[in-house]
Structures are given as C-alpha cells and as structure tokens.
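Listed below are the residues making up each chain.
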Amino acid sequence: MSKQLPSSAQVVIVGGGVIGCSIAYHLTKLGFTDVVLLERKTLTCGTTWHAAGLVPTLRATYSMSMLANYSASLYEQLEAETGQATGFVRNGSLTIATNKERLAEIKRGASMAKVAGFPCDVISPEHAKEMWPLLNIDDVIGAIHLPMDGMTSPVDVTQALAKGAKLGGAQIFENTKVLDMKVRDGKAAGVITERGDIEAEYVVNCAGMWAREFGKKAGINVPLHGAEHFYVVTENMPDLQHGLPTLRDMDGYCYYKEDAGKLLVGMFEPGAKPWGMNGIPEDFCFDQLPDDFEHLEPYLEAAMHRLPILERTGLQVFFNGPESFTPDDRYHLGEAPELRNYFVAAGFNSVGIQSAGGAGKMLAEWIKKGHAPRDLWDVDIRRNMPFQGTQNYLYERTTESLGLLYETHYPFKQFKTARGVRRSVLHEQLKAQGAVFGVENGWERANWFANEGQKAEYEYSFGRQNWFENNKAEHDAVRNAVGVIDQSSFSKYQLEGPDAESFLNRVCSNNVSVPVGRMVYTQWLNDRGGIEADVTVTRLAKDRFLVVSGVACQNRDLDWLRRNKPEHGLVTITDMTSAYAVITVMGPHSRDTLGKLSKADLSHDAFPFATSREIDLHYAIVRASRITYVGELGWELYIPTEYAPSVYEAIMEAGEEYGIKPYGYHTMNSLRMEKCYRHWGHDITDEDTALEAGLGFASDFDKEGGFIGREALLAQKAEGPLKKRFVAFLFENPEPLCYHEEPIVANGKIVGRTTAGMFCHTLGATVAMGYVEHQEGVTKDWLESTTFEIEVECERYRVTPSLRSFYDPAMEKIKC
C-alpha cells in the first residue's frame, strides 16, 4: 500500500531524475527535513536512465568546471555514505584534435584547468595511441588527457542520491503526477497532484523534458525542447582494453566509452532532430525512440575512421532517446523572476549527470540563503526572455544546439538558427553599410562592418579573424575622428512616482539625488557588497528617472527592481527598451558632427560630461546624454524609434567631412578594454564587491539612508588592503590574443584568471583584465614589484599590470 501523501511540506520537488534527487539530497544536508519529491512515474524514467554516465570535470568556464568537479567528488563517496553502489570510476578522458583550431581550443582548456586545479596534460598523438591502442592517429595532431575525469551508472547514482535524501528525512513519492500549481500573494504556495494537494513554502521544477509545460501552469518561462539523441553499443570486443579513458573526437562528433568489454559510441551531430513538438505521450516511461540509421550514417563512418576495428564489429544496440536542450546550451537554474519561491533546475543539454551534483548543491544553497551562492550567471534562469519559450523558436534552435556541444567553440561564434528575432529600426541601413550581425538576447547587432567587396560573414579562428583589420579601421575612426554605433539594444527602464528617488537611492550605491538633467554612474549591490547591476541613472524630472543597462540583463534587472521595491512604495517601473532607439556618436569630431545638425550649445561649459537633455537634432527631438563607454568625447542619443532612421542618415551625412565610420560591438569592446571599463557578467558579477572591482568611487557612503551593500563594503574597507582586486594587463608581445579564463601568473604562481581580453589597436597589443588574489593585499607596490604573466594555449607571456586604464587615465579626452 502506498504511503499517505502529506498535506504540507517545506519544499516540494517536481521530478525524480538525477537533478531532483540531487536537490533533495543537498537540502537535507542543509537541515531541511520536510522535503517531498514527486515523480509522475518511476525515478529516472525520463532521460536519466539512458544517459551515458560521463562525468568530465572541465567545462567551458571556471565556475561550471568547479561544479562538475564537485559532482565527481560527490559520486566517489556516495556509496560509502549510503550503501548504494554508484558505479563511479575515475577512468580519465582523452580528447583529440585533428586541426590547429581544435588543438588551440583544447590547449586553452588545459590552461584553464590549471586555474581550477585539475591535472590536465597536453600530449602527442603517439602518447594518445599508447593510451588508446585501437586509435587511428593518422590525422591527429594533438590531444589532452584529464586523469581525474570519470564515469558512473546514471540509475545507480540517482538511487544513491535518493537514498541519501531519505536518510536525511526527505520523502519520495513515485507514480504521483503533479497537475497544477498553487500560487498565493505572488509566491509559490504548493502543488495540486492526482493524489491530493500539498501546501509548500518552496516548489522546485525539476521536470526535465516536461519542465517547460509544467512551468506554464504558473506563468514561468522555461525555454527547452526535446531532441533525439543517439548512441550505439557494439558487440563484445575481445581486443578492447578494460579501463580505457573516455575518448572524445569532437571533430568527428563522437565520443567513445568502454563498458564491460563493449564500446558505447555516442554522437552530438549537427542538424539534430527536435522531438516532442506535439507534446510528450502521457504514458512515456523508459521509452525509446525509433532508429534512424540514415541520419546517423555519416557519424558511424567517422567512428569507423577513428577506430578501424569498428569496420568488423557488430552493433548490439542502436539507441535513440530524447533529451532536453536549451537555446544557448546552458541549463536553467535558480529562482524564477515571475514568481517568488519557485525554483527551476532543468534543461541540462546532455550534461545532466556531470552537472547534477554541483547544480543540486547550488540550488539547495540558493533556497537556504535566498540568493545564488556564487556567480551562476552562466545558467541563471533570469537570462531568458519570453520569446525564447515560443514553440517555433525552440524547434529551430534545437536543430543547432545539440551539435554545438561538439563544434569548435570559437571566440565570437554566433548562432545560425532562430535569428532575426529582435531588430533595431536601423537594421536595414546597417546591413546596407556592410554590417555583419551577431545576436545577443535576441537582438541582431552589428558586430563589425565589411568593406566593399569583402564577404560579410565571419571566418572563425582562435587567432586573428577575418575582421581584424576592419576592427582596426573602426577603432582608429573613433579614437581619431568620429564613429557611430547603434545601441538600441540597451535595456532601458523608467521609474516614476513620489518615491522614485528614495527607492533608487536605496538600490543604487551612488547618490541619485541630483538636479534634473544629470546622469549618475552607479552599481546595484546585494547585501554582501556584490554587484547585481552596472547602470547609468538619468534624472528626467523631479519624480522620474531613466535607468540604462546592458542588453543581457533586461529580465534580471527588472526582477531586482521589483524584488526590492517597497511593498507600498509609490513608484512605477516601466520597461522602455523597445520605445527608444539609441544612436551613439563618439570621437574627437563628435561635437562637430552633431553641431551641424543642432542649434543646441554642445560646448563643454554648456553641456558638461554626465549631462542629459532634450535637443533638436535634424528633424527630431532627441535626448542627448553626454557619457561614454569607449573613452572619447561623445553622446548617446535616445530617439523615439520612428525618428531614428532619418536621424542616422543625417548623422552619417554630417560626419562625412570628418571621416565618420559606423562601428560595431567588437570595436566597442576593444575601445572599452583600452579604458579598462568593466562589463557586467564578465568583469563584474554578484560575487565581486564594488571595492574589489575598483568601483568604490561610484558609491556614496555618506548619503542619507545608505544603500544596499553599504555595511558590507565598510566592513571590507576596515579589514585593510584588499586581498582580491581587479587588475588590467597589457601584453608585451603583440602576437597573443586572449579572451577569458586564462591563468594570471605572479612570480610563477597562479593568482587569478582573466575575465576579458581583446587586442587594443591604439596600444598595439592585447589588454586582459581579471581578478588577482594575494593574501598580503593587492597593492600598487606589490603589483609593480611582481613579475606577471598570462598563459595562452599553455604558453606564458609577460604582461604589465595596472590599476588604472592604459589609455587616457586622466580622462582628458572625455572631458574636453
């Protein structure tokens, strides 16, 4: 007889795969004993049961790598704790490269592994063959070996987590379908099941392939879609060694796992097959999808090339099972912005087993603490926009996202599918000028401009890409003449009402009690002093403000504002992102260019830096804001969308005599790097304090009422010299390019990692930025007395550190 369903619980988890069981396990470790997990059928019956069970430790970023490493460590000790075998072994992994770009990628990964503390060796093809004797190395040019990578039994590790959770007091109910959500006062309040209702303080959506549809029941956007995922298992292979490392041939879109004398060959192929467009069958449980040999044939041929023994080896299993994929190949984690106390952990893109331990720990701590326990922006569910949950968008993107896992992960690589979702009103004008577009949060944005006769498309590389010289010309135009960029994708919010000033002054670290027409650069901090947002605030009127933020932060920022708004505060928050186009004109001749179109006095005395006002420009009335993200004289022009095309044409014509050029976001990046301007999400996050980031100047510690995070910053100040600090580095050698996550080395010891890097044409070399840690304090004297290097593709290069920008540190160019 099944046990009675409780009428209430502190936490209800919906979904009994490896993710749900991990969260239940970790909640009990934190002292939550009133935890209920509900599974519609049987534990693991969705996608967990047919996972390959790989547990690699090295991911695309340091943060994700640390979570994967935790998973491996957890699985290694679960049997001793619970008595349930997991089948976990550290057999290691071997990733081969068959071209120079793939070799560059895996060598960059090997460098990042050093930051994470993982052993990772770059080895020769011959050494790779010694490890994998059946390997064909005719076209292999290098490889990396990670000895601490592992593999496990997905079903067994899930059962071990479930047992551990039950030992901690959690209850697990199988064959209990959740029908709907209970919502009260803007918060999750429980679930409605086919066996009765459960009141709950927290609800966690771990429904896997069902997470999107289940999310809709409470108005939660969980963008994911099923895709057919294939692997084959051979007959017994007498020549196959036991204990081989997992082999990855990403150029052939295949991985190889030895399993009890047989070989499992899995594929992450381009042109994947979406599944479940018409819904998931009600009785789906441990189901397998139909074979498709024709679809898989090219990759089976690639497998036979890599392991010629497969040409004479039979296949015992041809498996096809669905897995869920997200639009950006990153899973969804965290509290949903639409509903308090509703958490999501879903969409694991075939990395659920390796991620489950770390993701479960993070989400449990998130529930316990009320905030993300570390920088998790890579996977934060607040990054998603409503359009990403639409059926057509998900279907089209899923055809690409599965294969992207094994494609070369070039810097600046752009998605090919589901494009053109959000277009500026200037899109066609930019396209006619040769714009090559990238996509960010659905916006099509000009990343660079092709010359006449040049193909307007990317040619990717880890070295200098085909737009390097275009970037130089655009960069030089902004530094020496005048450039124009479409920044309509800025996130823009209007706050209005009698309490707008007091509310913003509590949220903002800087003081926004300024005269009408003044701009304030500020951060939004959390209670720990970490940076939740990096924005400008413009006072439009006594009770009206405009907040401008980055393109990727739209959902997150609005969530932060609504979360911190006083319950009875007289302030209205309106998303104005789509209302205004933004044309930014920058460079020494920006004043001359705009002066030809307006009678407004744009002189420094009449229109000083950080001033914003409405002016006549050509035939339009625009809001001109004198601010910069590139380190030059210039204005951001906020224009009602329908006027923007004619204003843009007029600016281009007016600037012709000064050599005006349109510039793209790659150039904006190289310009801001020379000025060491930070970028939220890369250089500054919620786990970096404003002091560590070098942004203490943007906090007013003396303003009336204080601000969120003030006490944390004051406490950090009182501790003495900062032990962690944001530092810029200029390469001495002009050749290397770095991007992010490269090791920063001080006197031979790794002391940090880069957050961003870009070749800076005015300086003639790459500038990198990142956080450096030193227990005695990261002081100017220590920096100047220390030899610094940055490791790129396993080679170290001398760099010069600086706490100030390398270009115009006195800001003379800006304030002229």
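In the block above lies the structure referred to throughout.
Note that the coordinates shown come from a computational prediction; the quantities given were computed from them, not determined experimentally.

S.K.: Would you explain the overall build of the protein chain in this entry?
M.R.: Within the protein chain one finds 18 helices and 39 strands. Scaling as 2.2 N^0.38, a compact globule of 816 residues should have a C-alpha radius of gyration of about 28 Å, and the protein chain matches this with 27 Å. For the protein chain, the spread of C-alpha atoms along the principal axes amounts to about 80 × 65 × 55 Å. Counting all 816 residues of the protein chain, 62% fall into the buried class. Of the contacts formed within the protein chain by residues at least 6 apart in sequence, a portion of 73% connects residues at least 24 apart. Here the protein chain displays about 30,700 Å² of accessible surface, and carbon together with sulfur accounts for 48% of that area.

S.K.: Is there a simple way to think about the sheet that holds strand E25 (residues 519–525) in this case?
M.R.: Note on sheets: strands pair through backbone hydrogen bonds, and any given pair is parallel or antiparallel. Taken in spatial order, the five strands line up as E25-E26-E27-E24-E28 in an open sheet, and their pairing is antiparallel. Strands with a single pairing partner mark the edges of an open sheet, and in this sheet they are E25 and strand E28 (572–575). Between one strand and the next, the sheet's axes are offset by a mean angle of 30°, whatever the strand orientation. Bridge count between strand E24 (residues 491–496) and strand E27 (residues 544–549): six bridges; the pairing is antiparallel. Paired with tyrosine 493 across the two strands is valine 547, which belongs to E27.

S.K.: I'm lost on the side chain of threonine 234 in this one. Help?
M.R.: Tracing the sequence through the fold places threonine 234 in strand E12 (residues 225–234). For threonine 234, a relative accessible area of 1% translates into the label buried. Setting aside residues no more than four positions away along its own chain, threonine 234 makes contact with Lys262, Leu263, Leu310, Thr313, Gly314, Leu315 and Gln316.

S.K.: What's the story with the packing of helix H1 (residues 18–29) against helix H2 (residues 62–82) in this structure? I'm lost.
M.R.: Two quantities define a packed helix pair, namely the angle between the helix axes and the distance between the axes. Their axes nearest at 14 Å, the elements H1 and H2 cross at an angle of 75°. As the angle between them shows, H1 and H2 are arranged roughly perpendicular. Mapping the contact onto sequence places Tyr25, His26 and Lys29 in H1 and Tyr70, Leu74, Gln77, Leu78 and Glu81 in H2. Partitioning the contact of H1 with H2 into residue classes produces four nonpolar, two polar and two charged.

S.K.: Just to check I follow, could you spell out unusual backbone geometry for this structure?
M.R.: Among all residues save glycine, negative phi is the norm, and among peptide bonds the norm is trans. Backbone geometry at tyrosine 253 places phi at a positive 60°, although glycine is not the residue there. The residue tyrosine 253 is located in the loop between strand E13 (246–249) and strand E14 (254–259) in this model. The phi dihedral of asparagine 747 is positive, around 50°, even though this residue is not glycine. Mapped onto the elements, asparagine 747 comes out in the loop between strand E35 (743–746) and strand E36 (749–760).

S.K.: Would you explain helix H12 (residues 500–507) in this entry?
M.R.: Each α-helix turn comprises 3.6 residues. Residues three or four places apart therefore point the same way. For H12, every residue scored as buried is listed here: Ala500, Phe503, Leu504, Asn505 and Val507. If you follow the buried residues of H12, they end up packed against E24, E25, strand E26 (531–541), E27, helix H13 (554–564) and E28.

S.K.: Where do I start with the sheet that holds strand E37 (residues 765–773) in this structure?
M.R.: Reading around the barrel, the six strands line up as E34-E37-E36-E35-E38-E39 and close back on themselves, with antiparallel pairing between neighbours. Neighbour to neighbour, the strand axes of the sheet diverge by 40° on average, direction disregarded. Where E35 lies against E36, four bridges are found, and the strand directions are antiparallel. Within E36, the position partnered with isoleucine 744 by the bridge is glycine 752.

S.K.: How should the environment of isoleucine 814 be read in this particular structure?
M.R.: Within the secondary structure layout, isoleucine 814 lies in the segment after strand E39 (795–802). Looking at isoleucine 814, the relative accessible area reads 1%, which means it is buried. C-alpha separation for the pair isoleucine 814 and glycine 631, spaced 183 residues apart in sequence, amounts to 6.0 Å.

S.K.: Just to check I follow, could you spell out the packing of aromatic side chains for this structure?
M.R.: The geometry of two aromatic rings is summed up by the distance between their centres and the angle between their planes. Enumeration according to the criterion identifies 29 aromatic pairs in this entry. Between tyrosine 231 and phenylalanine 319, the ring centres sit 4.9 Å apart and the planes meet at 20°, which makes this aromatic pair stacked. Of this pair, tyrosine 231 sits in strand E12 while phenylalanine 319 sits in strand E17 (residues 315–325), and the two are 88 residues apart along the sequence. When sorted by exposure, tyrosine 231 lands in the same class as phenylalanine 319, which is buried. Between phenylalanine 412 and tyrosine 739, the aromatic rings sit 5.8 Å apart at their centres with planes inclined by 85°, giving edge-to-face as the arrangement. Residue phenylalanine 412 is located in the loop between helix H9 (391–404) and strand E20 (422–423), and its partner tyrosine 739 is located in the loop between strand E34 (724–731) and E35; the two are separated by 327 residues in the primary sequence.

Calculation criteria
Residues numbered from 1 in each chain as written. Predicted model: local features only at pLDDT ≥ 70, side-chain atom pairs only at ≥ 80, totals over all residues. Heavy atoms only, no water. Helix = DSSP H or I, 4+ residues; strand = E, 2+ residues; numbered from the N terminus. Rg over C-alpha atoms; globule rule 2.2 N^0.38 Å. Buried < 20%, exposed > 50% of the residue type's maximum accessible area, 1.4 Å probe, protein only. Contact = heavy atoms within 4.5 Å. Areas by Shrake-Rupley, 256 points an atom, 1.4 Å probe, with all protein chains shown as cover. Pairing = 2+ DSSP bridges. Axes fitted to C-alpha atoms, helices over the stretch in contact; angles between N-to-C directions. Parallel < 35°, antiparallel > 145°, perpendicular 65-115°, else oblique. Nonpolar A, V, L, I, M, F, W, Y, C, P; charged D, E, K, R; others polar. Phe/Tyr/Trp six-rings, centres within 6.5 Å; stacked < 30°, edge-to-face > 60°.

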